[in-house]
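Structural characterization, general
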Amino acid sequence: MSLTAPAAPAEPAAPPLLSPWTGRLAVVAVMLGIFVIVTTEILPIGLLTEIGDSFTLSDGAAGLMMTMPGFLAALAAPLVTMATARIDRRLMLCVFMLLLAVANFLAAAAPGYWLVLLSRALVGLTIGGFWSIGAGLAERLVPPASVGRATAVIFSAVPLGSVLGVPAGTLLGEVAGWRTACVVMGALTAGVLAMLLLVLPPLPPVRATRPRVLGGMLRSIHTRFALLLTFLIVLAHFGTYTYVTPFLQQVTRAGDGQVTVFLLVYGVAGILGNFLGGARVAAYPRTVFGLAAGLIAVATLLLPVLGRSAAGAVVLLIVWGVAYGAVPVASQTWFAKAAPTTPEAASVLFTASFQATFCLGALVGGLTLDRTSPATVMLLGGCTAALTVLAAGAHFARRLTWPAKGRTTRQGARSGCVQVADDTVGHHDS
């Protein structure tokens, strides 16, 4: 059994540089940055068939628009974060917003599918860099008592991108064309860039993420479980949700207007799931992760049967939305609890693993769709989500104690968990 070396004490975070009001505006600016990133990333889900028809592509081939950014985001998260470790974080966030605006305008003007894919590569670079830097900035923008709330606000951008961005973009694409939707997203991104420039103070780096730090995290059994759980649940979700529009069109027989409404309902449920999961995940990470995975398994396994009617599809999409709304915060929290002394490194691994599996899920789902049917895609995703429940149960069965902020020692020979020399005592969730 491997041993963990003593971890160096975490560098203290710099105190907030802003007044409370300005700090809140800065948090909102970072949240809006993630909002436009999430919306741009998953916008093709609602416009997949329309974009594919523009270039005479199958739905599976058009799904490369989802695969490309996920693959590059997984590479960019560690590489860009480490390469820019000594550069002001405000500058980097603004550079990434500029890249995202360019990506949207490129897609809108693309004469061929190759340029759409190039624009999606820029989206992937933005995702990996902005997420890894922005997700941990709350402690530098607001007082310590407000950090938890500010972090929740930043992460609320994920379900908001689903509930507002994707349905609105889908509706706009249906009315004025998908290229118009890209132009609007480019203009919105430029507005967020201006806000970041106005409200964010200079943010010199206070913690440097190095390869040895990431390597040390991978020796933790908690981190390895975080990687396994994230791999399974994200594979299950994006292998299916990427192609939910073809399912609703071909199996549920929903019209374009109905699909938009269904996606809106799903997004509203996602916001509810984000706040429900976020309220309990710090104390009960295994329970929240397992319950979310179980509900996704139920929804996707039943869709081929009950999703043939509009009512059945709506009910299952609500269940699915509530469940997946809790997944990003549950995954990020698990990584953070696995490495409490290295928060930026935890964010890097969370972003890289999430995006790599996002990419793989979209690819596998597309290949499956082209060779079988949307119903088969849902069934395979449901089976994968069920495996996530078993993996979360295995972590609980081993009764592993979460590490706390402090000096780590050798792993216990019997439990394999990281023990801590600290006044904080780990606890088990149920």
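Residues numbered from 1 in each chain as written. Predicted model: local features only at pLDDT ≥ 70, side-chain atom pairs only at ≥ 80, totals over all residues. Heavy atoms only, no water.

Attention now moves to the packing of aromatic side chains. Here the structure, examined in full by the defined rule, presents 11 aromatic pairs. Ring geometry for F55 against Y113: centres 5.8 Å apart, planes inclined by 45°, an arrangement best described as tilted. Of this pair, F55 sits in the loop between α1 (20–54) and α2 (59–62) while Y113 sits in helix α5 (residues 113–134); the two residues are 58 residues apart in sequence, bridging distant segments of the chain. By relative accessible area, F55 is classed as buried at 16%. Among the aromatic residues, ring-to-ring pairing joins W131, F238, Y324, F335, F350 and F354 into one connected group. (Phe/Tyr/Trp six-rings, centres within 6.5 Å; stacked < 30°, edge-to-face > 60°. Helix = DSSP H or I, 4+ residues; strand = E, 2+ residues; numbered from the N terminus. Buried < 20%, exposed > 50% of the residue type's maximum accessible area, 1.4 Å probe, protein only.)

Looking at the protein chain, pLDDT values average 80 and 87% of them are 70 or higher. Within the protein chain, the element-level pLDDT minimum falls on strand β2 (residues 420–421), averaging 32, and the maximum on helix α4 (residues 89–109), averaging 94. Segment residues 1–15 is flagged for pLDDT under 50; beyond a separation of four residues in sequence, or across chains, it makes 29 contacts in the model. Contacts from residues 407–428, a stretch scored under 50 in pLDDT, to residues over four places away or in other chains number 54 contacts. (pLDDT = per-residue confidence, 0-100. Contact = heavy atoms within 4.5 Å.)

With their axes 10 Å apart at the nearest point, helix α14 (residues 285–306) and helix α16 (residues 327–338) run at an angle of 150° to one another. Where α14 crosses over α16, the handedness of that crossing is left-handed. The segment α14 lies against α16, with P285, R286, V288, F289, A292 and I296 engaging V327, A330, S331, W334 and K337. Partitioning the contact of α14 with α16 into residue classes produces 8 nonpolar, 1 polar and 2 charged. (Axes fitted to C-alpha atoms, helices over the stretch in contact; angles between N-to-C directions. Left-handed = near helix turned anticlockwise from the far one by under 90°. Nonpolar A, V, L, I, M, F, W, Y, C, P; charged D, E, K, R; others polar.)

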